[in-house]
Each structure stands twice: as structure tokens, then as C-alpha cells.
Amino acid sequence: MGKLAAHTLTPAGAVNTFVLLTSSLCMVLAHEAVSRGNLRLASQAMMQTIFCGFVFMGIKAFEYGHEVAQGFTPVAGLFWSFYYAMTGLHALHVLGGMFAILAVRKAVARGQHVRRVEIVGIYWHFVDIVWIFLFPLLYLASRG
Amino acid sequence: MSSETAAAHETSHRVPYVRIYWILVAALLVSLFLAFMEHHMLAAALIFAVALVKAGLVAGYYMHLKFEPRFVVLVVVAGVVCLFILFGGLLLDIVHVYGG
């Protein structure tokens, strides 16, 4: 397993971890802005979170392309099946979170449903936490 | 201030979000450094310990778990325990197939 895991792109995974941590900061700042009644700032912070989501998905797509080109497809072995299942499901949750944040942002811009910023934020942070464990599991811990 | 904004205000706390962010970024760099240690088992253990700290910071401060009642914390801990059971089961299977 170790040799297989060494073929994942650690720099790309590290950058994606940084991007998701940054998106979590933006999301929590959006919640704080709502708490202070600054809906414009909250709206901007949510757009930055969505932008981070796009960057994450772009890097993930690049990784998938690189791995498939090297023959590491989802049927290349147990590790790769696990890798694609876990990262694919995680990416779907990121995508869902981006749509949810976009919907909440539209409502907040009209001054409605501001409480939902906290709810969608908790979801987004959870997606971040899942990646915090997937990154060492798939990119770091099994490089030896 | 609307009732929803007031409700959102109630859950607000003075948390150093940006400072927490830089600690998380520093922890990421520590993880990357540990990945190149010669002792792989020790490195893996330390890398997951750092991941636990990072997850704790995000859950505690960004998800405000640190400021929630104890039963909410217990619900989350139960989920984490189930997660480790899943990871443990998968790890045993992988070790069985590939021989460690």
C-alpha cells in the first residue's frame, strides 16, 4: 500500500488542504459578519468561500487527470478504489456545499434567513474536517 | 436588527479566527515535514496526532463546539468514535490483503 500511496500528488493535496482551511476561515468570518449585522461583508466572505471551493475542485480534477494518465484508475487496486471513492464522495460534498452557500448568500443579500449562514458554515467546516483526515491518510502517512 | 440577526448574534463569541487559521496552516506544514521522517510508523502516528489537533481546532472554534452544551459535544464524539471504527476496519482489511 505504501508504494501505491506514494503516487498521489502530495503537493497538490497540501495546496488543497491550505485552500480548504482558507475557505473555512472565510466562512467563519461570514458568520461573524452576520452576527455584527454586516450582511455585505458576509456576502463577500461567502463568495470567497465558493471561490476556494472552485480552486479545490480544479486541483482535484488536475490530480485525477494526472493519476488516470499514469494508469491509476479506480479499478487499479484496492488503494485506488478507496482513494477515488473517498475523494470523489468528498468532492461531491464540496460541490453540494458550494451550491448551498450560493443559495444562502442570495437570501442574505436580501436580508433574509441570516441564521442559515451558521448552519451552512457548520456543514462546510465538517467537509473541511473530513479532508483534514483524508489528506494524511491518502497522501502522507503511507509514503514509506 | 431582525430576530434572526439577533439570534445569530447570540451564538457569536470573541474568537481569534485569524490566529486559529495561522495555527492550522502551521500544523499543515508540520504534517508535511513529518512525512519525510525516516521512521515511518512514528511519522504516521505523529501525522494523525497533528490531524486530530487540526480537527479539534476547526470543530472547537470554527464550529463553536467549545461554546456548546456538553450533550452536543457528546453527540459529535459519538460520530468520531464511529469514524475510527470504520477506519480501523478498513485498515485491517488493507493490511490483510497487502501484508502491511
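Undergrad: Residues and numbers for the overall build of chain B, please.
TA: Helix and strand counts for chain B stand at 4 helices and 0 strands. In sequence order, chain B lays out its α and β elements as α-α-α-α. By residue count, 32% of the 100 residues in chain B fall in the buried class. Look at the contacts in chain B between residues 6 or more apart in sequence, and 50% of them connect residues 24 or more apart.

Undergrad: Break down unusual backbone geometry for me, with residues and values.
TA: With a phi close to 50 degrees, His113 of chain A is a non-glycine residue in the positive phi region. Mapped onto the elements of the fold, His113 of chain A is located in the loop between helix H4 (78-109) and helix H5 (116-140). What makes His113 of chain A partly exposed here is its relative accessible area of 32%. Despite not being glycine, His64 of chain B shows a phi value in the positive range, around 60 degrees. Within the secondary structure, His64 of chain B sits in the loop between helix H3 (40-62) and helix H4 (70-98).

Undergrad: Please give an account of the pattern of salt bridges that cites residues and values.
TA: Side chains that differ in sign of charge can pair as their charged atoms come close. Residues and elements named next belong to chain A. Taken as a whole, this structure holds 3 salt bridges over all chains when the rule is applied. Glu32 is paired through a salt bridge with Arg36; the nearest N and O atoms lie 3.5 Å apart. Relative accessible area serves as the criterion here: at 54%, Arg36 is assigned to the exposed category.

Undergrad: Provide a residue-level description of the interface of chain A and chain B, including the pertinent values.
TA: Counting from both sides, the interface comprises 39 residues of chain A and, opposite them, 35 residues of chain B. Carbon and sulfur atoms supply 79% of the area that chain A and chain B bury against each other, a total of about 3600 Å² over both sides. At the junction of chain A with chain B, the criterion picks out 0 salt bridges. Those elements giving two or more residues to the side of chain A that touches chain B turn out to be helix H2 (10-35), H4 and H5 of chain A. Looking at the side of chain A that touches chain B element by element, the count peaks at 14 residues for H2 of chain A. Within the side of chain A that touches chain B, the residues separate by chemical class into 23 nonpolar, 11 polar and 5 charged.

Undergrad: For the packing of aromatic side chains, give the residues involved together with the corresponding values.
TA: Residue and element names in this part refer to chain A. Counted under the stated rule, the structure contains 16 aromatic pairs over all chains. Relative to Tyr83, the ring of Trp80 lies with its centre 5.2 Å away and its plane at 75 degrees, an arrangement referred to as edge-to-face. Note that Trp80 and Tyr83 are positioned in helix H4 at a spacing of 3 residues, about one turn of the helix. The structure contains a cluster of three or more aromatic residues connected by ring pairs, namely Phe56, Tyr64, Phe72, Phe79, Trp80, Tyr83, Tyr84, Trp131, Phe135 and Tyr139.

Undergrad: I'd like a description of the environment of Gln48 of chain A, backed by residues and values.
TA: All names here are of chain A. Note that Gln48 resides in helix H3 (residues 39-69). Under the relative-accessibility criterion, Gln48 is labelled partly exposed at 44%. Sequence spacing of Gln48 and Leu89 is 41 residues, and the spatial spacing of their C-alpha atoms is 23 Å.

Undergrad: Can you break down the confidence of the model for chain B residue by residue, with the values?
TA: Residue and element names in this part refer to chain B. With 84% of its residues at a pLDDT of 70 or more, chain B has an overall mean of 83. Taken element by element, the predicted model of chain B shows its lowest mean pLDDT in helix H1 (residues 3-10) (50) and its highest in helix H2 (residues 17-34) (96). Two summary scores accompany this predicted model of the complex, namely pTM at 0.87 and ipTM at 0.92.

Undergrad: Report on the nonpolar core, specifying residues and quantitative values.
TA: Counting residues in hydrophobic clusters, the biggest one holds 63 residues, and the most contacted among them are Met46 and Val117 of chain A together with Tyr62 of chain B. Those elements that provide at least two residues to this core are H2, H3, H4 and H5 of chain A together with H2 and H3 of chain B. In terms of residue count, the dominant contributor to this core is H5 of chain A (14 residues).

Parameters and conventions
- Residues numbered from 1 in each chain as written.
- Chains lettered and ligands numbered in written order.
- Predicted model: local features only at pLDDT ≥ 70, side-chain atom pairs only at ≥ 80, totals over all residues.
- Heavy atoms only, no water.
- Helix = DSSP H or I, 4+ residues; strand = E, 2+ residues; numbered from the N terminus.
- Buried < 20%, exposed > 50% of the residue type's maximum accessible area, 1.4 Å probe, protein only.
- Contact = heavy atoms within 4.5 Å.
- Salt bridge = Lys/Arg side-chain N within 4 Å of Asp/Glu carboxyl O.
- Buried area = accessible area lost by both parts, 1.4 Å probe.
- Nonpolar A, V, L, I, M, F, W, Y, C, P; charged D, E, K, R; others polar.
- Phe/Tyr/Trp six-rings, centres within 6.5 Å; stacked < 30°, edge-to-face > 60°.
- pLDDT = per-residue confidence, 0-100.
- Core = buried A, V, L, I, M, F, W, Y, C linked by side-chain atoms within 4.5 Å.

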